[in-house]
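A structural walkthrough
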Amino acid sequence: MNEQASRESLQNGDGAADFQDLFENAPCGYLSLDPEGRITRVNRTFTSWTGHSGETLVGRRFLDLLSVAGKIFYETHFAPMLRMQGFFNEVAFDLRCAEGAVIPVLVNAVERLDGTGRARSIRMTILAASDRRKYEQELLEARRAAERASRELREVNLTLEARVEEAVQKRLRAEEALRQAQKMEAIGQLTGGVAHDFNNLLTVILGSLELLQRRMPPDPILKRFADAAEDAARRGAQVNAQLLAFSRRQPLQAVTVDAREVVQGISGLLERTVNGVATLEFKLPQQAIPIHVDRNQLEMALLNLVVNARDASPGGGRILVEGCRGMVDGSPAGIWISVIDEGEGMTPEVLERVFEPFFTTKAMGAGTGLGLSMVYGFVRQSGGDIDIVSARGAGTTIRLRLPDAGVVLPPTEEASPLVEVRPSDGESILVVDDDSAVRAIAVSTLEQLGYPIHQANSGEAALRLLQAGLKVDLLFTDVAMPGRLNGIELAREARRLRPDLRILVTSGRLPEGLDLDAVWAAGGKFLSKPFHPLELALSVQSLLDGENQLPSAAAPSHGPGTAAGTP
Ligand SMILES: Nc1ncnc2c1ncn2[C@@H]1O[C@H](COP(=O)(O)OP(=O)(O)OP(=O)(O)O)[C@@H](O)[C@H]1O
Ligand SMILES: [Mg+2]
């Protein structure tokens, strides 16, 4: 049945009007085209969508309703497809409407053939695609947003990795610093403990030798042996002092001094130490730089640093000792004392271990490895800091930061003249020490000078004697003793009972939480262990003579000596 015939039969039949209505008002546009693509027939839905009337459409080519891009698309793709396969489905086009508007549509096309197989017409069904296009647009936007988000996420991930890496590094550095600190703490505890015991032994050895020498027949050979033994014991005491310094438990006698004056005071000794191997220079400011430190220990520290600088400069060069008031961001930041050399410098491996006691790169007998340990312990115990900048072949700078006393210093006093030991005027002394050997040395030293002596082996025993009314002029007590009362507590109690009692406290290593201020607060004077009998005698004498001013009149202690193994 041909097109014309079917239309007629529709018109003639009952349902003809219905079919016509269905055709005209279907929810899609219908177009019939001739084989050349010219519109032959169009339904009302299509004309109402496009705003073109049926009359203007019939005779025009479907192509004319398309944009330029659409035309090219149609000619190159869909016209050939239609010719070859006879149809195409759901192809998206934009149709140009009457008022210049454009509507998106989906087009299905099918070729109708005649009996000989030649194209007779083309039927197009056109679906409105506004919703679908909108949906596609939204889909596209959603996809773009998703891509953007995942790109951002990737970037965040990248920086996250960098940030995590940075945090991990920071943490590793902190852990390393902690490990170092713990290592130093552990070694400090160990050396401190050993040194404490050695102090008592050395006090006994030094004291016994002294007493022995007095009773010895005047035999030069015996004297040589005794001198050698005393010499060795003193050297032992020096090593011990460095160990104690490292463990940060040595009793420090901090005073306020001008750091310039300390440096100048030992400049001669430093010159002799460097001995022309390198050129020693000093750079000190015009104004005083007051610090609060143990002067003997500071001298010892400087000597150790200069000896190290000298040993690192076998080929000569400059060694600079510099002092100044440190400034950070324009505000004072402690007193800085630096020793700078142009010597061999250190490898990172050496640098990491320099503060360890007994760590040395020097030949057997040339260094004990205690120099920097002592410096480290002293500076830290004094509330300061130490830093080292060194590289192989580029010299070394070691800087000590020490507490700024922040005061104006009075002019320095003349050193007091040497005192002679004189025999007792009959003043009596109570000697308290739990170590019977140390006690025996003190007792026989003081007895030889004619002092009547009483003894006790603990703080409680001593206090009982005083409470029972024992009359003594001076109390000489150790600090660390087993039992309820340590030496400082004993001193305090004794002072309460007898306000005029003179007190001399001795210790090699103050227990945790105690410092010399506690001794002074208890009204005592301090003598550090190991002490030589002469030092004990002088301390006792100066106390009994009424000097009770501390710390400037503090008992003589082992002054600065060269580190073992240095000239
Ligand atoms: N100024 C420096 N230049 C290069 N290396 C140094 C310097 N100071 C210290 N060192 C290195 O640090 C090590 C430890 O120094 P430290 O002063 O503790 O011990 P020592 O000098 O070897 O022995 P001691 O000081 O007990 O005689 C030295 O052996 C040396 O390798
Ligand atoms: Mg050294």
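An unreviewed UniProt entry annotates the chain as histidine kinase of Teichococcus deserti. Recorded under Catalytic activity (unreviewed entry), the UniProt text for the chain is reproduced unchanged: "ATP + protein L-histidine = ADP + protein N-phospho-L-histidine."

**A short note on the site of ligand 1**
Close to ligand 1 lie 21 residues, the nearest being Asn308, Thr360, Thr361, Lys362 and Thr368. Between ligand 1 and the protein, one listed contact pairs an oxygen atom with a side-chain N or O atom of Thr360 at 2.5 Å. Coverage of ligand 1 by the protein amounts to 96% of the 590 Å² it exposes when considered alone. When the residues that make up the shell around ligand 1 are grouped by side-chain class, the tally is 9 nonpolar, 10 polar and 2 charged.

**Comments concerning the sheet that holds strand β1 (residues 29-33)**
Taken together, the 5 strands give an open sheet; going across it, the order is β2-β1-β5-β4-β3, and neighbouring strands pair in antiparallel fashion. Of all the strands in the sheet, just β2 (39-42) and β3 (87-96) have a single pairing partner and so form its edges. Taken over all neighbouring pairs, the strand axes of this sheet differ in orientation by 30° on average, direction set aside.

**Overview of the side chain of Glu210**
In this structure, Glu210 sits in helix α6 (residues 130-215). When near neighbours in sequence (up to four residues on either side) are disregarded, Glu210 contacts His532 and Pro533.

**Some details on the UniProt feature "domain: Histidine kinase" (unreviewed entry) in the chain**
UniProt's feature table lists "domain: Histidine kinase" (unreviewed entry) at residues 193-406, given in the numbering used throughout. Within residues 193-406, the helical portion is 46% and the strand portion 23%, while the C-alpha atoms at the span's ends are 35 Å from each other.

**Some words on the packing of helix α14 (residues 459-467) against helix α15 (residues 487-497)**
In the contact formed by α14 and α15, the axes pass within 10 Å of each other and the chain directions differ by 5°. Judged by the inter-axis angle, α14 sits roughly parallel to α15. Contacts between α14 and α15 involve Gly459, Ala462, Leu463, Leu466 and Gln467 from the former and Leu490, Glu493, Ala494 and Leu497 from the latter.

**Some details on the pattern of salt bridges**
If you walk through the whole model with that rule in mind, you get 25 salt bridges. Among the salt bridges present, the one from Arg353 reaches Glu356, with a minimum N-O distance of 3.0 Å. Exposure remark for Arg353: the relative accessible area of 39% places this residue in the partly exposed category. In this structure, Asp387 engages Arg399 in a salt bridge whose closest nitrogen and oxygen atoms are separated by 3.4 Å. Placement of the pair is Asp387 in strand β11 (residues 385-390) and Arg399 in strand β12 (residues 396-402), with a sequence separation of 12 residues. Residue classification places Arg399 among the partly exposed positions, given a relative accessible area of 27%. Beyond isolated ion pairs, a larger network of salt bridges with shared partners links Glu176, Arg179 and Glu352.

Cut-offs used in this document
- Residues numbered from 1 in each chain as written.
- Chains lettered and ligands numbered in written order.
- Predicted model: local features only at pLDDT ≥ 70, side-chain atom pairs only at ≥ 80, totals over all residues.
- Heavy atoms only, no water.
- UniProt positions renumbered as here; feature names shortened; annotations may be inferred.
- Near = heavy atom within 4 Å.
- Polar contact = N/O pair within 3.5 Å; in protein donor to acceptor, adjacent residues only side chain to side chain.
- Areas by Shrake-Rupley, 256 points an atom, 1.4 Å probe, with all protein chains shown as cover.
- Nonpolar A, V, L, I, M, F, W, Y, C, P; charged D, E, K, R; others polar.
- Pairing = 2+ DSSP bridges.
- Helix = DSSP H or I, 4+ residues; strand = E, 2+ residues; numbered from the N terminus.
- Axes fitted to C-alpha atoms, helices over the stretch in contact; angles between N-to-C directions.
- Contact = heavy atoms within 4.5 Å.
- Parallel < 35°, antiparallel > 145°, perpendicular 65-115°, else oblique.
- Salt bridge = Lys/Arg side-chain N within 4 Å of Asp/Glu carboxyl O.
- Buried < 20%, exposed > 50% of the residue type's maximum accessible area, 1.4 Å probe, protein only.

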